[in-house]
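An overview of the molecular structure
Listed below are the residues making up each chain.
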Amino acid sequence: MKAGIIGATGYAGGELVRILLQHPEAEIKWYGSRSYIDQKYASVYGNMFELVEDVCRGDDLAALAKEVDVIFTATPQGFLSGVLTEEILSGTKVVDLSADYRIKDVATYEKWYGITHQSPQLIKEAVYGLCEINREDVKKARLVANPGCYTTCSILTAYPLVKEGLIDTDTLIIDAKSGTSGAGRGAKVNNLYCEVNENIKAYGVATHRHTPEIEEQLGYAAGKEVVLNFTPHLVPMNRGILVTEYAKLNKKADGTLPSYEEIKAVYDTYYKEEKFVRVLEKDVCPETKWVEGSNYVDVNFKIDERTGRIIMMGALDNMVKGAAGQAVQNMNLLFGLKEDTGLNLVPMFP
């Protein structure tokens, strides 16, 4: 497969390059970067010295579509919606790492992102590319909306219990923490070393734009509207997402809470066949270090008998399963490949 990347010099784009270079069925034909046109890609990312000899090209999607089988767009919100056309989609498949096609309701997207959607006619056909949930739909798609890091971790951690009606979704609270690479490679004062190091802070409190995406997807699982609290935090590490989610457990018909064994059986039912979701052993809490550099999501839970709540936990690498790895997983599905092709990345430690 011939692949092109628009936004190849951002963090997610760079991770796409790293993964695709060792993918046995893919060849990168276009390293798109508006900021580094005509510069050697390896001069932007020194780790690619003698691995990538190409120079960076622009972001002409129409021209790119004539050269490749699949386009990855690791671009800011609003870019793809402004340039994607039916003609482009008729000639190539697109996996978009931005949020432009993740949310089905245009008004919700425009409210939370503060921009006008320029191709709302394409939203309906876009498939939300969370492979573990929408695998069969992804296989038939032309346009895949690749979920982000916070949303992937938040949704997969709670999905089995929401789907089975085991928690009261009105009580769901998600506390999430991210490494600084999640904010992208652009220069921002808030992401300077002296601002981030030896510090942890909440941001986007009650206003973070991933909130409606999580609510929408869990709402599909619940079969009703879901409204929740989502609070992200920035922590001084390069990679990783850790979510801790709290919700009231629904009691069984006899008035008792579900047992550990019953909850574990639900998680196992949903994820035992999933290569990239690992349900940990009892009392083992997920850690970002155990998934770093890999496409795995580690999940677990703890029942608090005293409060009648369940604490759900999840961890992933925001650059891999939270971005580029998931995009390649979607590409594999689009082209009928084994889903883990090129993604058997052993977690790095330390």
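Data block above holds the structure.
What this report covers is the structure whose coordinates are included nearby. As the structure is a computational prediction, the values presented were derived from the model and not from experiment.

A count of helical and extended segments in the protein chain gives 12 helices and 13 strands. Relative to a compact globule of 350 residues, whose C-alpha radius of gyration would be 20 Å, the protein chain shows 20 Å and is just as compact. In terms of its C-alpha atoms, the protein chain occupies a principal-axis envelope of roughly 65 × 45 × 40 Å. In the protein chain, the proportion of contacts linking residues at least 24 apart, taken out of those at least 6 apart, comes to 70%. Distance from the positive charge centre (38 side chains) to the negative charge centre (48 side chains) of the protein chain: 1 Å.

What follows concerns the environment of Asp-38. Structurally, Asp-38 is set in the loop between strand E2 (27-32) and helix H2 (41-44). By relative accessible area, Asp-38 is classed as exposed at 62%. For Asp-38 and Gln-77, which are 39 residues apart along the polypeptide, the C-alpha to C-alpha distance reads 24 Å. If we skip the residues at most four places from it in the chain, Asp-38 touches Val-55 and Cys-56.

Okay, the layout of surface pockets next. Space inside the largest pocket adds up to approximately 1,500 Å³. Every residue lining the largest pocket is counted, 47 residues in all, and those nearest its centre are Gly-182, Ala-183, Gly-184, Arg-185 and Lys-188. Sorting the residues of the lining of the largest pocket by element identifies helix H1 (11-21), helix H8 (149-163) and helix H12 (320-334) as the ones contributing at least two each. In terms of residue class, the lining of the largest pocket is made up of 16 nonpolar, 24 polar and seven charged. What the second largest pocket holds in volume is close to 420 Å³. Per element, the largest residue contribution to the lining of the second largest pocket is four residues, and it comes from H1. When the residues that make up the lining of the second largest pocket are grouped by side-chain class, the tally is eight nonpolar, eight polar and five charged.

Here the bond from Phe-349 into Pro-350 is cis, since omega is -5°, no more than 30 degrees from zero. In this fold, Pro-350 is placed in the segment after H12. Even without being a glycine, Asp-283 presents a positive backbone phi close to 70°. Within the fold, Asp-283 resides in the loop between strand E11 (277-279) and strand E12 (297-304).

On to helix H11 (residues 260-271), then. Here H11 spans 16 Å end to end across 12 residues, near enough to the 16 Å set by a 1.5 Å rise per residue. For H11, the complete set of buried residues consists of Tyr-260, Ile-263, Lys-264, Val-266, Tyr-267 and Tyr-271. With its buried residues spanning 155° around the axis, H11 presents them on a single face. Turned more than 90 degrees from where H11 packs its buried face, Glu-261 and Thr-269 sit exposed. Those residues of H11 hidden inside the fold are in contact with H8, strand E10 (241-249), E11, E12 and strand E13 (309-316).

The next thing to look at is the nonpolar core. Residues Leu-20, Tyr-41, Phe-72 and Leu-97 are the most contacted members of the largest nonpolar core, which totals 43 residues. Listed by contribution, the elements that provide at least two residues to this core are strand E1 (2-6), H1, E2, H2, strand E3 (70-73), helix H7 (131-139) and H12. Excluding residues that lie within four positions of it along the chain, Leu-97 makes contacts with Ala-12, Leu-16, Phe-72, Thr-73, Ala-74, Arg-102, Asn-146, Ala-323, Ala-324 and Ala-327. Counting residues in hydrophobic clusters, the runner-up holds 40 residues, among them Leu-172, Ala-221, Leu-228 and Tyr-271.

Our next topic: the side chain of Lys-264. Of note, Lys-264 is situated in helix H11. Relative accessible area serves as the criterion here: at 18%, Lys-264 is assigned to the buried category. Excluding residues within four positions of it along the chain, Lys-264 makes contact with Val-279, Leu-280 and Phe-301.

Our focus in this paragraph is the environment of Ile-6. Summarising the element assignment, Ile-6 is placed in strand E1. Remark: the alpha-carbon pair of Ile-6 and Val-144, spanning 138 residues in sequence, is separated by 15 Å. With sequence-adjacent residues up to four places away left out, Ile-6 is seen in contact with Trp-30, Gly-32, Gly-58, Asp-59, Leu-61, Leu-64, Ile-71, Phe-72, Thr-73, Ala-74, Thr-75 and Phe-79.

Inspection of the secondary structure assignment puts Thr-211 in helix H10 (residues 211-222). Residue classification places Thr-211 among the buried positions, given a relative accessible area of 6%. There is a polar contact of 2.8 Å between the side chain of Thr-211 and the backbone oxygen of His-208. Not counting residues up to four positions away in its chain, the partners in contact with Thr-211 are Trp-112, Leu-228 and Phe-230.

How each quantity is defined
Residues numbered from 1 in each chain as written. Predicted model: local features only at pLDDT ≥ 70, side-chain atom pairs only at ≥ 80, totals over all residues. Heavy atoms only, no water. Helix = DSSP H or I, 4+ residues; strand = E, 2+ residues; numbered from the N terminus. Rg over C-alpha atoms; globule rule 2.2 N^0.38 Å. Contact = heavy atoms within 4.5 Å. Lys, Arg positive; Asp, Glu negative; His and termini not counted. Charge placed at Lys NZ, Arg CZ, Asp CG, Glu CD. Buried < 20%, exposed > 50% of the residue type's maximum accessible area, 1.4 Å probe, protein only. 1 Å grid on protein atoms, 1.4 Å probe; cavity = no way out; pocket = protein on both sides within 12 Å on 5 of 7 lines; lining within 4 Å. Points joined across faces, edges and corners; volume = space filled by probe spheres on them. Nonpolar A, V, L, I, M, F, W, Y, C, P; charged D, E, K, R; others polar. Expected span 1.5 Å × (residues − 1). Arc of directions from axis to C-beta. Core = buried A, V, L, I, M, F, W, Y, C linked by side-chain atoms within 4.5 Å. Polar contact = N/O pair within 3.5 Å; in protein donor to acceptor, adjacent residues only side chain to side chain.

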